[in-house]
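Architecture and fold: a report
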Amino acid sequence: MKVSTNARSERNAAIIRQRQLGKDTSTIAEEFGVTRARICQIARRFLLQQHRRAALVNAYGARPDIAQLPDRTPIEVLVLCNG
């Protein structure tokens, strides 16, 4: 059975919340019907995204003005812009 992208995103967000609350990966895996390795992958991806976002904020500010950004600005900066 294929899971929709929205449902998967909601599931992953719930998994991240559980990890942030200190729940064990084995417990979370059992609760969501996935492997411990999958829980670790989801948590690792979330941490990488957070680190990347922090680096972008450090370089371009929390809410950069898209009209003022140079053409060479990485496209990822758009996640920081009010759009």
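Here goes a summary of the coordinates provided.

1. Section: the packing of helix H1 (residues 5-20) against helix H2 (residues 25-32)
- It is the contact of H1 with H2, at a shortest axis distance of 10 Å, that shows an interaxial angle of 150°. As summarised for this structure, H1 and H2 are arranged roughly antiparallel, according to the angle between their axes. As for the relative orientation of H1 and H2, their crossing is right-handed in sense. Across from Arg 11, Ala 14, Ile 15, Gln 18 and Arg 19 in H1, the residues of H2 making contact are Thr 25, Ile 28 and Phe 32.

2. Describing the side chain of Gln 18
- Structurally, Gln 18 is set in helix H1.
- On the basis of relative accessible area, Gln 18 is assigned to the buried category, the value being 19%.
- Apart from the residues lying within four places of it in its own chain, the contact partners of Gln 18 are Lys 23, Ile 28 and Phe 32.

3. Some thoughts on the pattern of salt bridges
- This model, assessed by the stated rule, comprises 2 salt bridges.
- In this structure, the salt-bridge partner of Lys 23 is Glu 31, at a minimum N-O distance of 2.8 Å.
- Taking the relative accessible area as the measure of exposure, Lys 23 reaches 29% and is therefore partly exposed.
- Classification of Glu 31 as partly exposed rests on a relative accessible area of 46%.
- For Arg 52, the salt bridge identified is with Glu 76, shortest N-O distance 3.6 Å. Taken together, the residues Arg 52 in helix H3 (residues 36-60) and Glu 76 in the segment after H3 connect sequence positions 24 residues apart.

4. Things to note about H3
- Taking 1.5 Å per residue as the helical rise, H3 with its 25 residues ought to reach 36 Å, and the 36 Å between its terminal C-alpha atoms agrees with that figure.
- What H3 keeps buried is the set Ile 39, Ile 42, Ala 43 and Leu 56.
- Here the buried face of H3 lies against H1 and H2.
- Immediately downstream of H3, the backbone of Gly 61 shows phi near 90°, a positive value.

Criteria and thresholds
- Residues numbered from 1 in each chain as written.
- Predicted model: local features only at pLDDT ≥ 70, side-chain atom pairs only at ≥ 80, totals over all residues.
- Heavy atoms only, no water.
- Axes fitted to C-alpha atoms, helices over the stretch in contact; angles between N-to-C directions.
- Helix = DSSP H or I, 4+ residues; strand = E, 2+ residues; numbered from the N terminus.
- Parallel < 35°, antiparallel > 145°, perpendicular 65-115°, else oblique.
- Left-handed = near helix turned anticlockwise from the far one by under 90°.
- Contact = heavy atoms within 4.5 Å.
- Buried < 20%, exposed > 50% of the residue type's maximum accessible area, 1.4 Å probe, protein only.
- Salt bridge = Lys/Arg side-chain N within 4 Å of Asp/Glu carboxyl O.
- Expected span 1.5 Å × (residues − 1).

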